[in-house]
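Now for the letters of each chain:
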Amino acid sequence: MSDGRFEKIALIGVGLIGSSIAHAARRVGLADRIVGSARTETTVQKALQLGVIDEGFASPAEAANGADLVMLCAPVGICGAIAAEINAANAFRDGAILTDVGSVKAAIVDDVAPHVPAGVHFVPGHPIAGTEQSGPESGFAELFDNRWCILTPPTGCDPAAVSQLKVFWEKLGCFVQTMSPEHHDLVLAITSHVPHLIAFNIVNTAAHLERVTDQEVIKFSAGGFRDFTRIAASDPTMWRDVFLNNKEAVLEMLGRFSEDLTALQRAIRFGDGDTLYRLFSDARMLRRGIVEAGQDTDAPDFGRRVTGASEPNTDE
Ligand code: NAP
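The text that follows walks through the structure, step by step, so that each part is easy to find. In this text the structure is predicted, and so the values were computed from the model without any measurement.

Points about the overall build of the protein
Right, so step 1: Regarding its fold elements, the protein presents 12 helices and 9 strands.
Right, so step 2: In terms of C-alpha radius of gyration, the protein reaches 21 Å, essentially the compact-globule figure of 20 Å for 316 residues.
Right, so step 3: Expressed along its principal axes, the backbone C-alpha trace of the protein runs to roughly 65 × 45 × 35 Å.
Right, so step 4: Buried positions account for 41% of the 316 residues belonging to the protein.
Right, so step 5: In the protein, 75% of the contacts between residues at least 6 apart in sequence involve partners at least 24 apart.
Right, so step 6: Carbon together with sulfur atoms contributes 55% to the accessible area of the protein, which is approximately 17,000 Å² in total.
Right, so step 7: In the protein, 27 side chains carry a positive charge and 41 a negative one; their mean positions are 4 Å apart.

So this is what it looks like as structure tokens:
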């Protein structure tokens, strides 16, 4: 019977997600030992100082050596090369579970699967939880509480390994669902990737406006813009890799988005208030669904405290 516990967890990448996994695993005692590696020695040292990992290594292969759970917590584009390096060093333990947390799944399966030796169980995963912060100092144990984690086990994957990883994520605080990598990529394209692209774009559009000064953009940002800037502050390396590796699904969803935007543009141009009202009401209903599903707070302004700001809070 799966208990979600491991003797040695190797985190390859100890940034926001890797360090949050470490904190959450320690909170419920899921590992005897948590070790890690990163791209730079500075990050490994920081993770050690913060108590994220018990031991740090210069290479992924040294960290993975002897681990019964290896978690790739690095940007999507580098995961294949990391798996290849661990495999070339013969460092995967027989019977180990190899997983990842990448925001894209089909490309990771293509990149990583060829480097997984027989006897190692590759179960790709993606916790749908995050913030715009990066690095070991940004992690916290509660990140995964009441969030979903999607697993995309390949056909023929050992059910005991899937079950063990499922229980692990549940004990970290998640609800777990399995699906195909392709379906994951389509769903995440619309719920996460396209929204980030829109945020990056609107922030850059505002930054390049000539008739509105930068100071006005910042001063009046509570009119909706501020919430886009939070998303747009996300790590550029991570998001570059997401768009390079989920091209088809993102382009498909972007096409739908552009059509709907054109419909709104037409309604505004022709003064079609009924259409605008109907579309805005539909959107409002979806927001209520998210709050009812416990995936966000219904507190005004996302529960932000007003900290004596001299400007009125004018979310429109
Ligand atoms: P992060 O805070 O920037 O951390 C990335 C970590 O990967 C750093 O420790 C980095 O080390 C390490 N790394 C980079 N290249 C490496 C390499 N070649 N070998 C070993 N380690 C390497 O990023 P994150 O937000 O934790 O994201 C990590 C993964 O989680 C990504 O695949 C992302 O798609 C996924 N994810 C992110 C979120 C989110 O909201 N952020 C949510 C769900 C899933 P250095 O510091 O030395 O560069």
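Still to come is the rest of the account.
Here we look at the nonpolar core
Right, so step 1: By size, the foremost hydrophobic cluster in this structure holds 38 residues, and its most contacted members are Ile21, Met71, Phe144, Phe168 and Trp169.
Right, so step 2: Broken down by secondary-structure element, the contributors of at least two residues to this core are β1 (6-12), α1 (16-27), β2 (31-37), α2 (41-49), β4 (69-72), β8 (148-151) and α6 (159-172).
Right, so step 3: Apart from the residues within four sequence positions on either side, Phe144 is in contact with Ile17, Ser20, Ile21, Ala24, Pro127, Ala129, Trp169, Leu172, Gly173 and Cys174.
Right, so step 4: Core analysis: the second largest hydrophobic core is formed by 35 residues, Ile12, Val35, Val70 and Val104 among them.

Side note on the pattern of salt bridges
Right, so step 1: The final tally for this structure, using the stated rule, is 12 salt bridges.
Right, so step 2: The partner of Lys46 in a salt bridge is Glu137, and the shortest N-O contact between them spans 3.9 Å. Here Lys46 is found in helix α2, whereas its partner Glu137 is found in the loop between β7 (125-127) and β8, with 91 residues between them in sequence.
Right, so step 3: Judged by its relative accessible area of 33%, Lys46 falls in the partly exposed class.
Right, so step 4: The class of Glu137 is partly exposed, set by a relative accessible area of 47%.
Right, so step 5: Two residues, Glu132 and Arg230, come together in a salt bridge whose shortest N-O distance is 3.1 Å. Here the residue Glu132 occupies a position in the loop between β7 and β8, and Arg230 occupies one in helix α9 (residues 225-232), the gap between them amounting to 98 residues.

A closer look at the sheet that holds β1
Right, so step 1: If you walk across this open sheet you meet the 6 strands as β3-β2-β1-β4-β5-β6, and the pairing is parallel. Each edge of the open sheet is held by one strand with a lone partner, namely β3 (55-57) and β6 (121-122).
Right, so step 2: Taken together, the 6 bridges between β1 and β2 define a ladder with parallel strand orientation. Paired with Ala10 across the bridge in β2 is Val35.

Reading the values: rules and limits
- Residues numbered from 1 in each chain as written.
- Predicted model: local features only at pLDDT ≥ 70, side-chain atom pairs only at ≥ 80, totals over all residues.
- Heavy atoms only, no water.
- Helix = DSSP H or I, 4+ residues; strand = E, 2+ residues; numbered from the N terminus.
- Rg over C-alpha atoms; globule rule 2.2 N^0.38 Å.
- Buried < 20%, exposed > 50% of the residue type's maximum accessible area, 1.4 Å probe, protein only.
- Contact = heavy atoms within 4.5 Å.
- Areas by Shrake-Rupley, 256 points an atom, 1.4 Å probe, with all protein chains shown as cover.
- Lys, Arg positive; Asp, Glu negative; His and termini not counted.
- Charge placed at Lys NZ, Arg CZ, Asp CG, Glu CD.
- Core = buried A, V, L, I, M, F, W, Y, C linked by side-chain atoms within 4.5 Å.
- Salt bridge = Lys/Arg side-chain N within 4 Å of Asp/Glu carboxyl O.
- Pairing = 2+ DSSP bridges.

Purely geometric stuff here, so don't read any function into it on its own.
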